[in-house]
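Coordinate inspection notes
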Amino acid sequence: MILTGADIVVNCLKDEGVEYIFGYPGGAALHIYDAIYNQDAVKHILVRHEQGAAHAADGYARATGKPGVVLVTSGPGVTNTVTGLATAHMDSIPMVVITGQVPSGLIGDDAFQEVDTVGVTRPCVKHNFLVKDVKKIAETIKKAFYIATSGRPGPVVVDIPKDISAHEAEYHYPEKIEMRSYQPRTCGHGKMIKKSVELLLGAKKPIIYTGGGAILAEAEKPLTKLVDKLGYPSTSTLMGLGAIPATHPTFLGMLGMHGTYESNLAMYHCDVMLAVGARFDDRVTGDLDKFAPNARIIHIDIDPSSIGKNVAVEVPIVGDCKSVLENMLDLLEGATDSINRSEVDNWWETIKEWKAVDSLQYDTSDTVIKPQYVIQKLFEITGGDAYVTSDVGQHQMWAAQYYQFEKPRRWINSGGLGTMGFGLPAAMGVQFGFPDDLVVCVTGDASIQMCLQELSTCLQYNLPIKIVNLNNQYMGMVRQWQEFFYDRRYSHSYMDALPDFVKLSESYGHVGILVENPKDVESAIKEAISMKDRLVFIDVITDPEENVYPMIAAGKGHNEIQLKPSKSEVENRELA
Amino acid sequence: MKRVISLLLEHEPGALARVAGLFTARGYNIESLTVAPTEDPSLARMTIVTSGSDAIIEQIVKQLNKLVDVVKLRSLSDGRYLGRELMLVKVEAGTADQRNDMQRLVSIFRGRVIDVTDATYTIEMTGNSDKVDAFLLALNDVELIEVVRSGILGIGRGKKTLRI
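Residues numbered from 1 in each chain as written. Chains lettered and ligands numbered in written order. Predicted model: local features only at pLDDT ≥ 70, side-chain atom pairs only at ≥ 80, totals over all residues.

1. What to know about the overall build of chain A
A count of helices and strands for chain A gives 22 helices and 20 strands. Against the compact-globule benchmark of 25 Å for 576 residues, chain A has a radius of gyration of 25 Å, which places it among compact chains. For chain A, the C-alpha atoms occupy an extent of roughly 70 × 60 × 40 Å along the three principal directions. A buried classification covers 55% of the 576 residues belonging to chain A. (Helix = DSSP H or I, 4+ residues; strand = E, 2+ residues; numbered from the N terminus. Rg over C-alpha atoms; globule rule 2.2 N^0.38 Å. Buried ≥ 20, exposed ≤ 12 C-beta atoms within 10 Å, placed from the backbone.)

This is how it looks when you write it as structure tokens:
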């Protein structure tokens, strides 16, 4: 079958089983848009800004596990997508991003809407291609999907000059692709797996620490089984929430900068640490010199470069988390009798003392709405079953701390890059993936304004997202750092001219609800959820100077975790 | 400590930029980098000279291996290897004394004079980096007009090979 390059692109997507493309048209992509017009197998979702397209595809991928697909034009289309690419890259999210490029003959001439796409995107993608021959389009797209979804996943860009999408070639979509230069390893090393099991069985103060890799590998079943079998305490990074159910008896909550007291102290004092698909990020480890000083570390990761990057590891296991954990479970069969139960019980006793500190406790109020309370209510009302996306800042931490994620792929946030503006477009992607499920975007008054234009997309496609805006009239996390580390000099972290979010949502054709009183929080959330076919924007006016606790200040160790100061401490500080 | 890493990569446009970009993005040192196509035109071979602690070198090797275009990699300086560099030096050589001195020096170092004008000599010198450095040191009193160094080309000794 002889087709144009543009038709080849669309056929490739169809043969790859792509349901949705998130995109925005423009000159260099017009041939491809014409090919989209002539078919209905692949649905195109028109966003309002290319950044929104990238985040929407990303949210779709995080929730469904399938690669997200984006189509944008050259130049500004590409540069607007870069934030979304970097976001997906940092969190290892599979995406294929097709970009139009100026005609081959004009490349390098500073043509209209020209940018060196391959150059601009190189540091924030897993790989990228410039297609110079129409005959190579199908093979390149196959490679792009293969690379994006295998090994440690990530975004892949395919840049197609306009003339190439007009040329014709025989269409054939390869079923399989072999690349001599890219053969990710998935099977863990048997000897290392054996060693890891021995180390775990001999532990006195063990901790199991899981990250986003466990979710990407869909390792939740063997992981929970392993935790059950061993009866060891477990914790998770921001990215790994939901792999082990939050209410699981061994789960100590999130660790890291705003993790719980018990999980951070357990990390600090442990003697054996099993890290599953986590990358020892600075927000998790704190000061590396003070990190888990007595721990013998086992690290499972599909990316060899993640192992030993920040922390020295005794047992490195390169492989797919799921298959490695299954291997470990086989070895553990009948072997758990050798666990030193009395030592482990002592360890649990110590942990229970830390737990009793109740580090997530906060002051309740009848007059001012506490943001933590909003998230708690949201959790209670939705039973932990909603898809929750977030932006970046205090609201993100509160959502992670107070929404108990019982299942993987329910918590959708930009952990690595920390991209404000991610939440709303990501929620769109999730809602496309799960049209009948409840999708909530927890956001803040600063973050939501970064991709606000997507409210228009939500109307066009009837996406009944519920937006919970924790409105404290500050860039809360920036303000918190300025309060702690800059003597309360709130430099440019206050927004003086916030829009009326209710009217704003209404002008976009949605429903807006203003909540100013604690007693109205629950009914507002319920009312929003009851409007099954409408987007509802709940603008919740919260305590403006609430802080996120506990906190490990940047550069401090897990043992230097700060709890919420008591009332008298706060009063003393005010007097001083 | 200096380390020499040799790699085979897909001979595609942009492959060099990926390697170079990796070094700048992650703040690794790069002392020299040479690249050229091999007898198999679909492959290019690159020799990189870098330095850093063992942990950093381990990361460099892993990060290079992670690049989709890298087919195979060997850390040459982990074993016995041969490293050779080519240098071209243009020096002032207008007087008979200068020319005689220069010819003597070049012959001691087993180099060659490959271009002569009434005012200059251009010398070709190959060898390991120590030898090339030593020759430059020996030219201490000579007016150097231009110095061009290729950076190291490396190959493992004996049965140590890097091929697909």
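2. Notes on the sheet that holds strand 3 (residues 43–46) of chain A
Residues and elements named next belong to chain A. Read from one edge of the open sheet, six strands run 3-2-4-5-7-6, paired in parallel fashion. The sheet is open, and its two edges are formed by strand 3 and strand 6 (127–130), each paired on a single side. Direction aside, neighbouring strands of the sheet carry axes that sit 20° apart on average. When strand 2 (residues 20–23) meets strand 4 (residues 68–72), the two strands line up parallel, connected through two bridges. Paired with Phe 22 across the bridge in strand 4 is Val 70. (Pairing = 2+ DSSP bridges. Axes fitted to C-alpha atoms, helices over the stretch in contact; angles between N-to-C directions.)

3. Quick look at the pairing of strand 13 (residues 296–301) of chain A
Moving residue by residue along a regular strand, the side chains alternate between the two faces of the sheet. Residue and element names in this part refer to chain A. For strand 13, the buried fraction is high: five of the six residues fall into the buried class. Where strand 13 meets strand 14 (residues 315–318), four bridges bridge the pair, whose relative direction is parallel. If you follow Ile 300 over to strand 14, its bridge partner there is Ile 317.

4. With respect to the packing of helix 11 (residues 261–269) of chain A against helix 14 (residues 341–356) of chain A
All names here are of chain A. Relative orientation of the contacting elements helix 11 and helix 14 amounts to 145°, with a least axis distance of 8 Å. Handedness of the helix 11/helix 14 crossing: right-handed. Here Tyr 261, Glu 262, Leu 265 and Ala 266 of helix 11 lie close against helix 14, whose contacting residues are Ile 351, Trp 354 and Lys 355. Classifying every residue of the contact of helix 11 with helix 14 by side-chain character gives five nonpolar, no polar and two charged. (Left-handed = near helix turned anticlockwise from the far one by under 90°. Contact = placed C-beta atoms within 7 Å. Nonpolar A, V, L, I, M, F, W, Y, C, P; charged D, E, K, R; others polar.)

5. Section: helix 8 (residues 190–201) of chain A
At 3.6 residues per turn, the α-helix brings residues three or four places apart onto the same side. All names here are of chain A. The terminal C-alpha atoms of helix 8 lie 17 Å apart, and with 12 residues this matches the ideal 16 Å at 1.5 Å per residue to within 8%. Here helix 8 has its buried residues at Met 192, Ile 193, Ser 196, Val 197 and Leu 200. Projected onto a plane normal to the axis of helix 8, the buried residues spread over an arc of 140° and lie on a single side. Residues Gly 190 and Lys 191 are exposed on helix 8 and point more than 90 degrees away from its buried face. Close packing links the buried residues of helix 8 with strand 9 (206–210), helix 10 (220–230), strand 12 (272–276), strand 13, strand 14 and helix 13 (321–332). (Expected span 1.5 Å × (residues − 1). Arc of directions from axis to C-beta.)

6. Digging into the domain arrangement of chain B
All names here are of chain B. Looking at the assigned domains, one finds that chain B contains domain 1 (2–79) and domain 2 (82–153). Look at where the C-alpha atoms of domain 1 and domain 2 centre, and you get two points 29 Å apart. Counting from both sides, the interface comprises six residues of domain 1 and, opposite them, five residues of domain 2. Elements with a minimum of two residues in the side of domain 1 that touches domain 2: strand 2 (32–37) and strand 3 (43–51). Residue classes in the side of domain 1 that touches domain 2 are distributed as three nonpolar, three polar and no charged. (Domains from an automatic or database assignment.)

7. Re the interface of chain B and chain A
Taken residue by residue, the interface counts 16 residues in chain B and 14 residues in chain A. Put simply, the parts of the chain that give the side of chain B that touches chain A at least two residues each are helix 1 (15–25), helix 2 (54–66) and strand 4 (70–75) of chain B. In terms of residues, the side of chain B that touches chain A owes the most to one element, helix 2 of chain B, which gives five residues. Here the side of chain B that touches chain A is composed, by residue class, of six nonpolar, four polar and six charged.

8. Quick notes on the domain arrangement of chain A
Residues and elements named next belong to chain A. For chain A, the domain assignment lists domain 1 (2–170), domain 2 (190–356) and domain 3 (371–548). Inter-centroid distance (C-alpha atoms) of domain 1 to domain 2 is 38 Å. Across the contact, six residues belong to domain 1 and six residues belong to domain 2.

9. Things to note about the environment of A:Ala214
Residues and elements named next belong to chain A. Along the polypeptide, Ala 214 turns up in helix 9 (residues 212–216). Overall, Ala 214 belongs to the buried group, with 29 C-beta atoms counted inside 10 Å. Residues Ala 214 and Ile 300, 86 residues apart in the sequence, show an inter-C-alpha distance of 9.5 Å. Non-local contacts of Ala 214, meaning those with residues more than four positions away in its chain, are made with Ala 219, Glu 220, Leu 223, Gly 240, Ala 243, Val 276, Gly 277 and Cys 321.

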